[in-house]
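# Architecture at a glance
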Amino acid sequence: MTTPETAPISDFIRDIITDDLKTGKHTRIVTRFPPEPNGYLHIGHGKAVCLDFGSALEFNGECHLRMDDTNPSKESMEYVESIKTDIRWLGFDWGEHFYYSADYFERMYEAARTLIRNGKAYVCELSQEQWKEYRGIPTQPGKGSPFRSRPAEESLDFFARMRAGEFGDGTLCVRAKIDMASPNLHLRDPVIYRIMRVPHYRTGDAWCIYPTYDFAHPLEDAFEGITHSLCTLEFEVHRPLYDWFIAELGFEKKPRQIEFARLNVTYTVLSKRKLLELVQGGLVKGWDDPRMPTLCGLRRRGFTPESIRNFCHRIGITKFDGYTDIALLEFCLRDELNKTAPRAMAVLDPVKVVIENYPAGQVEWMEAVNNPEDPAAGTRKVPFSREVFVEREDFMEDAPKKFFRLAPGREVRLRYGYLVTCTGCVKDASGKVTEIRCTYDPATQGGNTPDGRKVKGTIHWVAASHAGRVELRLYDRLFKVEHPEAVPEGVDYKTNLNPESLKTIEAVVEPSVLQAAAGTRFQFERKGYVIADAIDSAPGKPVFNQIVPLRDSWTKT
RNA sequence: UGCCCGAUGGUGUAAUGGUAGCACAACAGACUCUGGAUCUGUUUGUUUGGGUUCAAGUCCCGAUCGGGCAACCA
């Protein structure tokens, strides 16, 4: 089998890398994945992880994992751990190269001093409100801060006192001295150090001043010898700034920032802020709620790392900011699990069938194929008895011609069981079917037709005498519309939440299913792929999450 | 009304001046002890106007549309 994942990948970034290697610009590439530990990783990060780690792997380079923790107000160790877990789960390894931006604070402080000494930065006393005026607007140049020409010695002194904690939050800051007339606002004397009296999860109270992203990022990349610094499109306008710091500080090996489009997926949202909001608002049951597009959510839902890597491979890398159909992710999962997941029979909406001419009390153990796509998966025995459960939707009292299931007078195959012919049904006072009556053909044991007779319909079933009962959670898309964030002014995107994204039911299952350990996946035949929930399952009592239903091309007409 | 970036079927993505291809989705048929899978087929595309060229999705200029940028967030 040729998996797309192993097919050679080509995109504009890999083309650049190939070229850099060919021309000798680099002999070895170094990339990095730099998450801020202020939230859980989602599938959009998965795309970046696959690109950063994946390209390093393909070109025999290395990829560093770096916690971009320059803003202590939102970061924590909980997130650091979750990020490591998720990247490992996805199948990537950073080896020795695990770093924290915080570990570079001293070097960054020195770099800022260098800039000041060289007349390229200064301590500014303008308030944020005042700065808005000085900065100007895109169509008009700004004017220099009155502190712009402050002597380097004086700035150096102020900077040291900032570090020592002599000033209040936000009263002073350090600005790079670049170009107040630039049409790119980011070049109009951006802040590189600010005062924040917030304990850092890693450095504690050691610092009360912290570097900003724009200053910190190029330095970290340079410190680590990163060759290709891959980030998303919104940083495009920051690139001149990135290059400026690298040049002004005289780094010989210059990392190159290259931007690509972030991932958007239909029927969900991929922004840390919005996901946090769903978690904190109790709209989902946590970061790992199986409906969440977080990696931990997808993991708990039952998605495999392979399917996610395959998805990230198929979507490609470009600079076009579009929406990827979530159906592609589901396809990747089905494509894999079709080949690997053992089959089992489970009835989600049971109704009893009584086989009138089958001996009461008799039980036969029928041989069932574990996976038709994989002969090596072998077979198992499933019990058959006089009363079985079938899906309520597999019976119709007044059925159209194309309904290849149970209906009065029609014969269907009970998969691996017998051929049965429906003789009628029993209904309660409200007209609801409570029991289906059938007769079976003893010559069709195992579902075989010795006479070569063709039967159009085959349905799944579970013997009533041996039916296990399990909790099954049926998940649907988190949002009911394709583009949840596309809401009119003043309308909250959360109104697009799908109220039916979770339905919990009790399903009846064949006995073998009860033995499933947490994390075990099945294909419930004719229904969908499921996994025994990692958290709520107990030995002998698994709880299942439906990962994704099987395709259903039967149109009820 | 400033700057930066982008635009190829419904969606995502190839074609690096030389036959617009692939995948998902949709639809149809074949096959099937899963209305699954598999196989076959079908529908649908280079935003627009100029220019360069024997030849333009590709290069140049203009327009249109979309995204990003005015945190001491990343």
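Residues numbered from 1 in each chain as written. Chains lettered and ligands numbered in written order. Predicted model: local features only at pLDDT ≥ 70, side-chain atom pairs only at ≥ 80, totals over all residues. Heavy atoms only, no water.

## Thoughts on unusual backbone geometry
- Within the chain, Asp189 stands out as a residue other than glycine whose phi angle is a positive 40°.
- Note that Asp189 resides in the loop between strand E5 (173–176) and strand E6 (191–195).
- For Asp189, a relative accessible area of 0% translates into the label buried.
- Residues other than glycine seldom take positive phi values, yet Tyr416 does so here, at roughly 65°.
- With respect to the element layout, Tyr416 can be found in the loop between strand E16 (411–414) and strand E17 (419–427).
- Here Tyr416 falls in the buried class, since its relative accessible area comes to 12%. (Helix = DSSP H or I, 4+ residues; strand = E, 2+ residues; numbered from the N terminus. Buried < 20%, exposed > 50% of the residue type's maximum accessible area, 1.4 Å probe, protein only.)

## Examining the protein's contact with RNA strand B
- Close to RNA strand B lie 63 residues, the nearest being Asp15, Arg135, Arg343, Arg413 and Gly446.
- The sugar-phosphate backbone supplies 64% of the atoms of RNA strand B found within 4 Å of the protein.
- Within the contact set of RNA strand B, a sugar or linking oxygen lies 3.0 Å away from a side-chain nitrogen or oxygen of Asn71.
- Interatomic distance of 2.7 Å between a side-chain N/O atom of Thr318 and a phosphate oxygen of RNA strand B.
- Residue assignment for the surface near RNA strand B shows that the elements contributing at least two residues are helix H5 (128–135), E6, helix H11 (305–315) and helix H12 (326–340). (Near = heavy atom within 4 Å. Polar contact = N/O pair within 3.5 Å; in protein donor to acceptor, adjacent residues only side chain to side chain.)

## Concerning the environment of Glu248
- Inspection of the secondary structure puts Glu248 in helix H8 (residues 239–248).
- For Glu248, a relative accessible area of 26% corresponds to the partly exposed category.
- With 102 residues separating them in the primary sequence, Glu248 and Pro146 have C-alpha atoms 23 Å apart.
- Among residues more than four places away in sequence, those in contact with Glu248 are Leu115 and Lys120. (Contact = heavy atoms within 4.5 Å.)

## A look at the sheet that holds strand E2 (residues 62–67)
- Pairing within the open sheet is parallel, and its three strands lie in the order E1-E2-E3. The sheet is open, and its two borders are formed by strand E1 (30–33) and strand E3 (98–100), each paired with just one other strand. In this sheet, adjacent strand axes meet at a mean angle of 30° when their direction is disregarded.
- On the sheet, helix H2 (residues 43–58) packs against E1 and E2 and is oriented at approximately 160° with respect to E1. (Pairing = 2+ DSSP bridges. Axes fitted to C-alpha atoms, helices over the stretch in contact; angles between N-to-C directions.)

## Some points on the environment of Glu391
- Counting through the fold element by element, Glu391 comes out in strand E15 (residues 387–391).
- Glu391 has contacts with Ala346, Val347, Leu348, Asp349, Val351, His460 and Lys527, leaving out every residue within four places of it along the chain.
- A polar contact of 3.0 Å, which involves the side chain of Glu391, links it to the backbone nitrogen of Asp349.

## Re the confidence of the model for chain A
- In the predicted model, chain A carries a mean pLDDT of 96, and the fraction of residues at 70 or more is 98%.
- For residues 1–6, every residue scores under 50 in pLDDT, and the model assigns this stretch eight contacts once sequence neighbours within four places are set aside.
- On the interface metric, ipTM, the complex scores 0.96, and its pTM is 0.96. (pLDDT = per-residue confidence, 0-100.)

## Regarding the sheet that holds E16
- On the basis of which strands lie adjacent, the open sheet formed by seven strands has the order E19-E16-E17-E18-E12-E15-E20 and mixed pairing. The sheet is open, and its two borders are formed by strand E19 (458–459) and strand E20 (462–463), each paired with just one other strand.
- Pairing between E15 and E20: two bridges, direction antiparallel. Following the sheet pairing, Phe389 is matched in E20 by Val462.

## Focus on the domain arrangement of chain A
- Taken domain by domain, chain A holds domain 1 (105–211) and domain 2 (343–549).
- Here domain 1 and domain 2 have C-alpha centroids that lie 65 Å from each other. (Domains from an automatic or database assignment.)

## Examining the nonpolar core
- If you look at the biggest cluster of nonpolar residues, it comprises 89 residues, and the most contacted ones within it are Ile87, Phe159, Ile192, Tyr193, Phe215 and Ile308.
- Each of domain 1 (105–211) and domain 2 (343–549) accounts for three or more of the residues forming this core.
- Look past the residues within four positions of Phe215 in its chain and what remains in contact with it is Met108, Ala111, Ala112, Leu115, Ile192, Tyr193, Phe245 and Leu249.
- One finds Phe384, Leu406, Tyr418 and Val433 within the second-largest nonpolar core, a separate group that totals 26 residues. (Core = buried A, V, L, I, M, F, W, Y, C linked by side-chain atoms within 4.5 Å.)

## Digging into the packing of aromatic side chains
- If you walk through the whole model with that rule in mind, you get 30 aromatic pairs.
- Summarising the aromatic geometry, the rings of Phe223 and Phe251 are spaced 6.0 Å apart at their centres and angled 70° between planes, so their arrangement reads as edge-to-face. Pair noted here: Phe223 is in helix H7 (residues 213–223) and Phe251 is in the loop between H8 and strand E9 (256–260), with a separation of 28 residues, a long-range link.
- Since its relative accessible area comes to 19%, Phe223 is described here as buried.
- Counting every residue linked through ring pairs, the aromatic cluster contains Phe105, Tyr109, Phe159, Tyr193, Trp207, Tyr210, Phe215, Trp244 and Phe245.
- Against the face of Phe223 rests Arg107, its NZ or CZ located 3.9 Å from the ring centre. (Phe/Tyr/Trp six-rings, centres within 6.5 Å; stacked < 30°, edge-to-face > 60°. Lys NZ or Arg CZ within 6 Å of the ring centre and 35° of its normal.)

## Some thoughts on H2
- Relative to the 22 Å expected for 16 residues at 1.5 Å per residue, H2 spans 21 Å between its end C-alpha atoms, a close match to the ideal helical length.
- Burial runs high along H2: 14 of the 16 residues are buried.
- In the segment just after H2, Asn60 is the residue with positive phi, at about 55°. (Expected span 1.5 Å × (residues − 1).)

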